[in-house]
Amino acid sequence: MISEPGQSGAMRYVLFDVDGTLIDAVDNQRLVWRTWAERYGLDPDEVYRVALRTRPMDTFAQVAPDRDAQKCLAELHELEDEDVLTGTYTAFDGAPELLNALRPGAWALVTSNYEHRVRGRFARTGLPVPEVLVDAAAVEEGKPSPVPYLQAAARLGAQPEDCLVIEDAPSGVQSGLRAGMTVWGVNTPAAVDGVHRHFDTLHEAVRDILAFVSGPHPHRLEGSTTVQ
């Protein structure tokens, strides 16, 4: 069994990734990157494969090294902003009840996206926005660096060992692990490498997440998996 970081009995906190964890934006992201790639005559599937693992500037360096990276970024941002206004978004099952059940100051959002887009998506799906939101503009090093999650913990006044990270992507999982936090994976058919626990869906994790923040010994939810 992969052991979780020490649990001190102090106040507990939950740090959520956004896209793929709380908001179902896979189709939106794929369409945005496809549109961008086609403008540059690139293979959309290859571009999206790289984009899933890297920040946009790193993606441009790999797939379009001869292009002006700042222009690439500006065009991508234009497409993403348009998608926030016109795209179809849904919150994953369980997200509304979970976020509304968490006490203020006990949770945060940690995203590789930008705050105005997160707020736009949350407004369209009816999800509450917490006091602490760490976005791409808030840090120089993005996931898988531990910096985003460490900054969120610091802004909450939390110690890393008292934080639970909820993620769906390998880079985010590594970010949380490197920050010394407990990391649970959701919304993937198989456990992402390194997670302490895996749930097929966010909905299946709701009860255990709430138990984590409310008591010293989170109970196991039927159907969840502890990674061996």
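The rules behind these values
- Note that residues are indexed from 1 along each chain, following the sequence as it is written.
- Totals for whole chains, interfaces and linings use every residue, but because this is a predicted model, local features are given only for residues with pLDDT of at least 70 and side-chain atom pairs only at 80 or more, for both listing and counting.
- Computation of side-chain values covers all heavy atoms of the structure but excludes hydrogens and water.
- Every helix listed is a DSSP run of H or I at least four residues long, and every strand listed is a run of E at least two residues long, numbered separately from the N terminus.
- Interaxial angle, 0 to 180 degrees, is taken between N-to-C directions of lines fitted to C-alpha atoms, where a helix line uses only the stretch in contact.
- In these notes the angle categories are as follows: under 35 degrees is roughly parallel, over 145 is roughly antiparallel, 65 to 115 is roughly perpendicular, and the rest is oblique.
- In this scheme the crossing of two helices becomes right-handed for a clockwise turn of the near helix relative to the far one and left-handed for an anticlockwise turn of less than a right angle.
- Contact definition: two residues touch when any of their heavy atoms are within 4.5 Å.
- Amino acid classes used here: Ala, Val, Leu, Ile, Met, Phe, Trp, Tyr, Cys and Pro are nonpolar; Asp, Glu, Lys and Arg are charged; the rest, including Gly, are polar.
- A pair is scored as a salt bridge if a Lys or Arg side-chain nitrogen falls within 4 Å of a carboxyl oxygen belonging to Asp or Glu.
- Burial classes: relative accessible area under 20% of the type maximum marks a residue as buried, over 50% as exposed, and values in between as partly exposed (1.4 Å probe, protein chains only).
- The directions from the helix axis to the C-beta atoms form the arc being described.
- Helix span, as expected, comes to 1.5 Å for every residue beyond the first.
- Distance and chemistry together define a polar contact, namely a pair of N or O atoms within 3.5 Å, with one atom able to donate a hydrogen and the other to accept it when in protein, and with adjacent residues in sequence counting only for side-chain atoms on both sides.
- pLDDT is a per-residue confidence score from the predictor, ranging from 0 to 100.

Novice: I keep staring at unusual backbone geometry and nothing clicks. Help me out?
Specialist: With the exception of glycine, most residues fall at negative phi, and the peptide bonds are largely trans. Between Lys143 and the following residue, Pro144, the backbone shows a cis peptide bond with an omega angle of 15 degrees. Looking at where Pro144 falls in the secondary structure, it is placed in the loop between β5 (132-134) and α7 (147-156). The phi dihedral of Asn187 is positive, around 65 degrees, even though this residue is not glycine.

Novice: What am I meant to see in the packing of helix α1 (residues 26-39) against helix α2 (residues 44-51) here?
Specialist: Helix-helix packing is characterised by the crossing angle of the two axes and by the distance between the axes. Look at α1 against α2: their axes get within 9 Å of each other, and the N-to-C directions meet at 125 degrees. The angle between the axes of α1 and α2 places the two elements in the oblique class. For the pair α1 and α2, the crossing hand works out as right-handed. Contacts between α1 and α2 involve Val26, Gln29, Arg30, Trp33, Arg34, Trp36, Ala37 and Glu38 from the first element and Pro44, Asp45, Val47, Tyr48 and Ala51 from the second. Among the residues making up the contact of α1 with α2, the classes are represented as 8 nonpolar, 1 polar and 4 charged.

Novice: I keep staring at the pattern of salt bridges and nothing clicks. Help me out?
Specialist: A side chain with one charge may pair with a side chain of the opposite charge, provided their charged atoms come close. One pass over the full model with this rule turns up 11 salt bridges. Between Asp66 and Arg67 there is a salt bridge whose closest N-O contact spans 3.9 Å. A residue is classified by how much of its surface remains accessible, and Asp66, at 64% relative accessible area, is exposed. Between Glu80 and Arg117 there is a salt bridge, and its shortest N-O distance comes to 2.9 Å. Linking Glu80 in helix α4 (residues 69-86) with Arg117 in helix α6 (residues 115-125), this pair joins segments that are 37 residues apart in sequence. For the pair Glu80 and Arg117, a shared accessibility class is recorded, and that class is buried. The structure contains a network of salt bridges with shared partners spanning Asp17, Lys143 and Glu167.

Novice: Before we go on, may I ask you to explain helix α8 (residues 170-178) in this structure?
Specialist: Counting along an α-helix, one turn takes 3.6 residues, and residues three or four places apart therefore face a common direction. Listed as buried for α8 are Gly172, Val173, Ser175 and Gly176. Mapping the buried residues of α8 onto a view down its axis gives an arc of 160 degrees, with all of them on the same face. More than 90 degrees from the buried face of α8, the exposed residues found are Pro170 and Arg178. Packing partners of the buried residues in α8 comprise α7, β6 (163-167) and β7 (182-185). Count one or two residues on from α8 and you reach Gly180, which has phi positive near 80 degrees.

Novice: How do you make sense of α4 when you look at a structure like this?
Specialist: Counted at 1.5 Å a residue, the expected span for α4 with its 18 residues is 26 Å, and the 26 Å between its end C-alpha atoms agrees. Among the residues of α4, the N-terminal cap falls to Asp68, whose side-chain oxygen and the backbone nitrogen of Gln70 are separated by 2.9 Å.

Novice: Sorry if this is basic, but what is going on with the confidence of the model for the protein chain here?
Specialist: Reading predicted coordinates in detail is not appropriate for stretches of low pLDDT. Residues with a pLDDT of 70 or more make up 90% of the protein chain, whose mean pLDDT is 90. This model gives residues 217-226 a pLDDT under 50, and the stretch forms 29 contacts once residues within four places in sequence are excluded.

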